[in-house]
Amino acid sequence: MSFFLQLFLWIPIIGFLFSLLIPRKKETIISGIAISTTAIHLGGILTFFVLWLLNASPILDAKHFLFFKSGNIEIFIDFYFDKVTAVFCMTGSLIAFLVTIFSRYYMHREGGFKRFFVTILLFFLGYNIVIFSGNLETLFVGWEILGICSFLLIAFYRDRYLPVKNSLKVISVYRLADLCLLLAMWMSHHLWHENITFLKLNNLPLVQQHIAQDETLGIAIAIMFLLAAVIKSAQIPFTSWLPRAMEGPTTSSAIFYGSLSVHLGVFVLMRTFPFWENIAFVKILVILIGLATAIIATGIARVQSTVKTQIAYSSAAQIGIIFVEVGLGFHFLALLHFTGNAFLRTYQLLVSPSVLNYLIHDQFYNFSPGNKKENFSFFKKITGTVYILSIQEWNMDHLLQRMFWDPFKWAGNKLRFITQRSSLLSLSALLLFGSLSFVYEIKLPFSDALPYLFSFLALSLILRAFSDRGDARTSWVLVFAGQFFVALSIALNKHFEFYQILIYLSGGSVSAIAGYYCLNKIKSIDHDIYLNKFHGYAYEHPKLALAFLISCLGLVAFPITPAFIGFDILLTHIEKDQIVLIALMSFCFVFIELSILRIYARVFLGQHKKPYHPIAYRSS
């Protein structure tokens, strides 16, 4: 039966590829492909589930597609099926089927009809990769696909300021979750000395034996899993991104942030539960975070003025309770709770426009203000304080901005001298020196410090691009140069085969050239691609916008180029005691994607600069 697991990934892949070939005006065919894809997937998973039950519900594990092998390290695709996979897959497939049917009419005659359904099918593929993943590498592939689909669907109404702005805000928070998962993969390599599968995680004596050898590393891995889950499921203190993500179409909000994507943090906790179930500190942390989110998010939801925000915080509160259930080991209850919450939030979001219309009508004709007496008791003051804090969403959005992003923007602004000619010449000389040191294996007294120097220079270039408001081509080149310094820093850190560097830089190099060509083309048309505002060039040049988006994905090591495998290979060459080096690499990983997507959003999305195009003044 293990062989058939891959079919549940081929179904959305084939549907996605077919939908790309259909002209955008053929709405019936485009929506028909999406509905058929989800219907076939739903029928297939139900049939497979029945056969699986008749065969005594065995745990299935199938290894596919070995991409790289070096010593004990293997990078491969692995599929896994158990009761957790069964519940998440059937729930996701049924909700996707219902939402695609609803979207066929809801998105009728919308300008981005094809773009919406193509992105939904890509999301469905990423969701299934995560659910069927048998190891961290496979899970990370689907995790990345979900992240970019979130960005595209939140910014679906790309002629409006807030959707584009919030798409960048959400993807920046998502990138923190990606970073936590990536660090968990890196530390797992050093704990297990191999690419661990979820099947082996169920071997409790084996897990305890490895954790006992390095307890600190085991706790750190568990905390990374927890942080990835907390961010992905919008738990405290990262809850504020969830209502911002509701700027997309209501149907995408229903399938993404009401039902499926937002519950993947619960999935990660349940999948990795055998690893951290005996670590009391982590279990207590899971329960406390879940309780805090349930209490605070419930208070926020009760005082919000928009229906989507109310549903978003209500969903986060329920997921907080699911976190408590997982932490206590009540997995059957957690799966039941997930299914109920997913269907409820999908239903609420899909009917919210109609319900809102009814409520406004009722309020207009039947509302009468009540006569309340002022009461300034201590309890009333406490209630008022909580009310004000809930109205302000406990300032979580402001806190994240001040703590995580403002320091890096400040650092990037302080690095403006990097774009001066003298600085660029110095960096070029250092890059040439490092390349020669690697090729000819030159050993110098300060050779051990070179990896740290080059990784610091890489981060400096990337932060400069992240905060730059000048010509987009300059920022693009700075990011690509930063990737060269990243590869060189790891190459000088440990014995590194030349072909491994080529794996990392191959996809990025082609994408960098293609992206620079697109930017140059826009520059020749309008002579203005400065990043101090949104330009909205996707209006007049949609094909160029698509080509640049694909180039962006290639440059950020999205799983469409060998660079995705190359980055995982790079991490295996960083030792577990090199904390500073892995920290610098991690920041580079985060800000490469944010810098690149910021360029794409500023140049191609937002309100068009020319006054003869329609301008939307309100968000969705």
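Residues numbered from 1 in each chain as written. Predicted model: local features only at pLDDT ≥ 70, side-chain atom pairs only at ≥ 80, totals over all residues. Heavy atoms only, no water.

Draft legend 1. Fine view of the environment of glycine 482. For glycine 482, the location among the structural elements is in helix H21 (residues 472-491). Taking the C-alpha atoms as reference points, glycine 482 and alanine 458, 24 residues apart in sequence, are found 4.2 Å from one another. Not counting the four nearest positions on each side in its chain, glycine 482 is found in contact with Ala458, Leu461 and Ile462. (Helix = DSSP H or I, 4+ residues; strand = E, 2+ residues; numbered from the N terminus. Contact = heavy atoms within 4.5 Å.)

Draft legend 2. How the structure looks around the side chain of serine 259. With respect to the helices and strands, serine 259 occurs in helix H11 (residues 250-259). Residue serine 259 is classed as buried on the basis of its relative accessible area, which comes to 0%. A polar contact is formed between the side chain of serine 259 and the backbone oxygen of isoleucine 255, at a distance of 3.2 Å. What serine 259 contacts, discounting residues up to four positions off in sequence, is Ile95, Ala254, Phe338, Ala342 and Thr346. (Buried < 20%, exposed > 50% of the residue type's maximum accessible area, 1.4 Å probe, protein only. Polar contact = N/O pair within 3.5 Å; in protein donor to acceptor, adjacent residues only side chain to side chain.)

Draft legend 3. Inspection of the pattern of salt bridges at higher detail. Within the structure shown, the criterion is met by 12 salt bridges. Aspartate 471 is the partner of lysine 523 in a salt bridge, and the nearest nitrogen-oxygen pair spans 3.7 Å. Here aspartate 471 lies in the loop between helix H20 (450-467) and H21 and lysine 523 lies in helix H22 (residues 498-526), a separation of 52 residues in the sequence. Each of Glu144, Arg175, Asp178 and Glu593 takes part in one network of salt bridges that share partners. (Salt bridge = Lys/Arg side-chain N within 4 Å of Asp/Glu carboxyl O.)

Draft legend 4. Quick look at the packing of aromatic side chains. By the definition in use, this model includes 35 aromatic pairs. Ring centres of tyrosine 161 and phenylalanine 534 lie 5.8 Å apart, and the angle between their planes is 75°; on these two criteria the pair is classed as edge-to-face. Within this pair, whereas tyrosine 161 is found in helix H6 (residues 161-192), its partner phenylalanine 534 is found in the loop between H22 and helix H23 (542-555), the two being separated by 373 residues in sequence. With relative accessibility at 13%, the residue phenylalanine 534 sits in the buried group. Look at tyrosine 174 and tryptophan 241: their rings are 5.1 Å apart centre to centre, the planes differ by 85°, and that puts the pair in the edge-to-face class. (Phe/Tyr/Trp six-rings, centres within 6.5 Å; stacked < 30°, edge-to-face > 60°.)

Draft legend 5. Examining the nonpolar core more closely. Ranked by size, the top nonpolar core spans 207 residues in total, and within it Trp241, Phe275 and Val603 carry the most contacts. Top contributing element to this core by residue count: H6, with 19 residues. Ignoring any residue separated from it by four or fewer positions in sequence, one finds phenylalanine 275 in contact with Leu191, Trp192, Leu201, Val207, Ile211, Gly218, Ile221, Ala222 and Phe225. (Core = buried A, V, L, I, M, F, W, Y, C linked by side-chain atoms within 4.5 Å.)

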